[in-house]
Amino acid sequence: MALRTIRIAGDPVLEKVCREVKEMNPRTQDLIDDMFDTMYDACGVGLAAPQVGILKRIVVIDCGDDPICMINPVITLREGEQTGGEGCLSLPGKTGTVTRPMHVIAEAYDRNMQKITVEGEGLLARAICHECDHLDGHMYMELVEDGLYDVDMEAMEEES
């Protein structure tokens, strides 16, 4: 596995709509493994393929339960509302308040191209929405309600 370079806000690749994955191949399997490694190395809970410069509809998420890989995800249900701080590996050191659904259901394919349904509440729902936005060229800053704030990265590292 390898760590990929995370693209930072302002990189044009983050503004593009990603292509569907039609079939699984060894390169895409390697990409998925690299995305998980890159996400964990950066202490993130989610990562979308365009964040590592690849315009494919792939996201990986790990909110502490089971790691999830979603290929060609489509959110089919959004319910409720939650408002809270949100950050992004493509905008390090910043956070902002964003309102997202409290509960979502997404249809996707797993890394074996088997159809899956992923249901998320709270943080997982937020992560699914956040990462799926990346696949359509959107970043959370577009939804921030009260401006972006600096995050004390040193304090966060001491807490972990």
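## What to know about unusual backbone geometry
- Positive phi, normally seen in glycine, also occurs at Asn72, with a value near 55 degrees.
- Take Asn72: it is sitting in strand 3 (residues 68–79).
- Positive phi, normally seen in glycine, also occurs at Met113, with a value near 60 degrees.
- By the secondary structure assignment, Met113 is in the loop between strand 6 (103–109) and strand 7 (115–121).

## Regarding the pairing of strand 2 (residues 58–61)
- Neither face of strand 2 is open: one carries Ile58 and Val60, the other Val59 and Ile61, and all of them are buried.
- Looking at chain direction, strand 1 (residues 46–48) and strand 2 are connected through 3 bridges and run antiparallel. Bridge assignment links Gly46 to a residue of strand 2, and that residue is Ile61.
- Bridge count between strand 2 and strand 3: 4 bridges; the pairing is antiparallel. Along strand 3, the bridge assignment pairs Ile61 with Ile68.
- Taking the residues that link successive antiparallel strands as the turn, the strand 2-strand 3 hairpin has 6 residues, and the phi of Gly64 there is positive, at about 110 degrees.

## Describing the side chain of His130
- Note that His130 resides in helix 2 (residues 123–135).
- Owing to a relative accessible area of 6%, His130 belongs among the buried residues under this scheme.

## Some thoughts on the nonpolar core
- With 27 residues, the main nonpolar core has Ile61, Ile68, Met70, Ile75, Val104, Ile128 and Tyr140 as its most contacted residues.
- Mapped by element, the contributors of at least two residues to this core are strand 2, strand 3, strand 6 and helix 2.
- The residues contacting Tyr140, other than those within four sequence positions of it, are Glu86, Gly87, Cys88, Leu91, Lys94, Thr95, Gly96, Val98, Arg100, His130 and Leu148.
- Formed by 15 residues, the second largest nonpolar core is a distinct cluster that contains Met35, Met39, Val60 and Cys69.

About the cut-offs
Residues numbered from 1 in each chain as written. Predicted model: local features only at pLDDT ≥ 70, side-chain atom pairs only at ≥ 80, totals over all residues. Heavy atoms only, no water. Helix = DSSP H or I, 4+ residues; strand = E, 2+ residues; numbered from the N terminus. Buried < 20%, exposed > 50% of the residue type's maximum accessible area, 1.4 Å probe, protein only. Pairing = 2+ DSSP bridges. Core = buried A, V, L, I, M, F, W, Y, C linked by side-chain atoms within 4.5 Å. Contact = heavy atoms within 4.5 Å.

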